[in-house]
Structures are given as structure tokens and as C-alpha cells.
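# Fold and geometry: a report
Chain residues, written in single-letter form:
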Amino acid sequence: MLSSPTLAKATAYWASELSCPPVEMFADELRIMPHGPALADYNGIFALFRNGRAMISMPPDRMAERLPTEPALFAETFSNFRVIGPAFIGYADTMRPGSAEEVDNPFHAQRLQAACDETAWEHGGSEVGEVPCSGVFADGELAALAGYEVWTGGIAHISIVTHPRFRGRDYGREAVAHLACRALEAGLVPQYRTLEANLPSMRIATALGFQHYASSVAVRLE
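Quantities reported herein were computed from a predicted structural model and do not represent experimental measurements.

Of all hydrophobic cores here, the largest spans 25 residues; its most connected members are Met 95, Val 176, Tyr 192 and Phe 210. Mapped by element, the contributors of at least two residues to this core are β7 (141-151), β8 (155-162), α5 (171-185) and α6 (199-208). Top element by residues in this core is α5. It accounts for seven residues. Once you skip the residues sitting within four places of it in the chain, Met 95 turns out to touch Ala 177, Ala 180, Cys 181, Leu 184, Leu 208 and Phe 210. Core analysis: the second largest hydrophobic core is formed by 22 residues, Met 55, Ile 89, Tyr 91 and Ala 214 among them.

Right, let's talk about the pattern of salt bridges for a bit. Under the definition given, this model contains seven salt bridges. Here Glu 141 ties to Arg 111 by a salt bridge, and the two come within 2.5 Å at their closest N and O atoms. Within this pair, whereas Glu 141 is found in strand β7, its partner Arg 111 is found in helix α3 (residues 106-115), the two being separated by 30 residues in sequence. Here Arg 173 makes a salt bridge to Glu 174, at a shortest N to O gap of 3.1 Å. When its relative accessible area of 25% is taken as the criterion, Arg 173 is described as partly exposed. Within this structure, Arg 96, Asp 170, Arg 173 and Glu 174 form a network of salt bridges that share partners.

Looking now at the environment of Ser 159. For Ser 159, the position within the fold is in strand β8. Classification of Ser 159 by relative accessible area gives buried; the value is 16%. With residues near it in sequence (within four places) discarded, Ser 159 still touches His 123, Gly 124, Gly 125, Ser 126, Leu 145, Ala 146 and Gly 147.

This brings us to the side chain of Ser 57. Topologically, Ser 57 is positioned in strand β3 (residues 53-58). Overall, the relative accessible area of 0% leaves Ser 57 in the buried class.

Residue position: Ser 126 is located in the loop between α4 (118-124) and β6 (133-138). At a separation of 3.4 Å, a polar atom in the side chain of Ser 126 contacts the main-chain amide nitrogen of Gly 147.

Here the focus is α6. Residues of α6 that are buried: Ser 201, Met 202, Ile 204, Ala 205 and Leu 208. Down the axis of α6, the smallest arc covering the buried residues is 150 degrees, so these residues share one side. For α6, the exposed residues lying more than 90 degrees away from the buried face are Leu 199, Arg 203 and Thr 206. If you follow the buried residues of α6, they end up packed against β4 (82-91), α5 and β9 (189-195). A positive backbone phi angle near 80 degrees is found at Gly 209, which sits one or two residues after α6.

A separate point is unusual backbone geometry. The step from Gly 85 to Pro 86 runs through a cis peptide bond, and the omega angle for that step is 5 degrees. With respect to the helices and strands, Pro 86 occurs in strand β4. Backbone geometry places Asn 51, a non-glycine residue, at a positive phi of 50 degrees. The residue Asn 51 is located in the loop between β2 (44-50) and β3 in this model. With relative accessibility at 69%, the residue Asn 51 sits in the exposed group. In the Ramachandran plot, Asp 170 falls in the positive-phi region, its phi being about 70 degrees despite a non-glycine side chain. Here Asp 170 shows up in the loop between β8 and α5.

Right, let's get into the pairing of β7. Most of β7 is tucked away: nine of the eleven residues are buried. When β6 meets β7, the two strands line up antiparallel, connected through six bridges. The residue of β7 that forms the bridge with Phe 137 is Leu 142. Joining the antiparallel neighbours β6 and β7 is a turn of two residues, in which Asp 139 adopts a positive phi near 55 degrees. Strand direction decides the pairing type here: β7 and β8, joined by eight bridges, are antiparallel. Note on β8: the bridge partner recorded for Tyr 148 is Ile 158. Hairpin connection of β7 to β8: three residues between the antiparallel strands, including Gly 153 at a positive phi of 85 degrees.

About the criteria used
Residues numbered from 1 in each chain as written. Predicted model: local features only at pLDDT ≥ 70, side-chain atom pairs only at ≥ 80, totals over all residues. Heavy atoms only, no water. Core = buried A, V, L, I, M, F, W, Y, C linked by side-chain atoms within 4.5 Å. Buried < 20%, exposed > 50% of the residue type's maximum accessible area, 1.4 Å probe, protein only. Helix = DSSP H or I, 4+ residues; strand = E, 2+ residues; numbered from the N terminus. Contact = heavy atoms within 4.5 Å. Salt bridge = Lys/Arg side-chain N within 4 Å of Asp/Glu carboxyl O. Polar contact = N/O pair within 3.5 Å; in protein donor to acceptor, adjacent residues only side chain to side chain. Arc of directions from axis to C-beta. Pairing = 2+ DSSP bridges.

Next up, the structure:
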């Protein structure tokens, strides 16, 4: 169970994204609303699912009266469009120290980026020197790199990427653990988000004790 302060911070963040008062988050089985300021420029649909309830934000000209409140069914409804999700969104109150170290030399990250395909780096890479980063080295190479961006309300959104040659050795898990500890020490709430279909990434979330807060589905309407 997540602590009340962590739940409050997570709810406050997502309420601000959906332009909804925090007390009304998941108050109903289904709430469909037009995009507020935070999503005004997003030509798509964003849905958040928690405990059988759904919060769905849509462009004003695409409003619907009824949509599925189960993430997989919701994603299937829009299968003709580009769908991202369902994605796991989890938070942690505590974290064990990971066997990693701080990374502040962009050279190591550049070599890691060169070894990864473009999609992997886009989804999990971090700009060393611009955001806090932790990593694990093996055989003189940066084997895994985790970094976080600070989101509104004290959320530390974590990204993780692992060198293709070193996958399956728990290096990513250790980098995330180390970075999450640093986030907690800084008074932030570490957030881990990944596609639920990404089983290696989900194993990191489970192993480190990130507690499920919600699942998300994003639909690109272009």
C-alpha cells in the first residue's frame, strides 16, 4: 500500500493534467471530459484507469458518451489509431539502495546511445548532465542508465535503458533502484511508467516494489 502523502501527490499531479479537482479523481465509474489546458494541444485521447474506474480526456470535437473502463478493451476500441498502452504507472515510498553509481559524464551516455536502437533510446534514454542519472558499468561500458525528470508536484519520472549486450543481467534494476533512492532523498516521489506488455521492464517494477497506481492509454488521432 502506498502512503497517504504519496497517493496525494500522485493524485494531485494527474488531476492537474486532466484539469480535474483532486477530490473528483476516480469518484465515478466513468468520467469523460474535454481536454483542459494541460492537454489542449494534444490531438488525441488520454485515459487513466484505477480500480475499475476511468478518467478520459478527449478533444472537444471528439466527445463520446460511453467508453470501456477496462484498459485493454479501451485500447482495442481505438485499434485503428496509434495506441500507446496500456501502461503501468507505479510509485514507491521506500527503496533499497541499488548497486549502481551516479553518472555525470555525457561521453558514457553517448556510447550507450550509439549501441541502442533509436526507439529504445527515445523511450528510455536520459541526457546526462541535464537530469540526475545513475548507472551500472560492466567491462568498461555503461551497461544501464537511469535518469529522472522532475514533474509538477514533486514527481520524479524515471527512464531506464540497458545496453543490448548486457540485457538480462539485472543492471537496469540496479540503476533504477539507485536513482529512486536519490529521488526519495531529494524529497521527490519516484514514478515508474512502462508498457504492461514490456515484461522485462515490468519485472523491474515488481522487483523494486513500485506499487500500481493506475494504468494509462494514449490514443494518437492523427
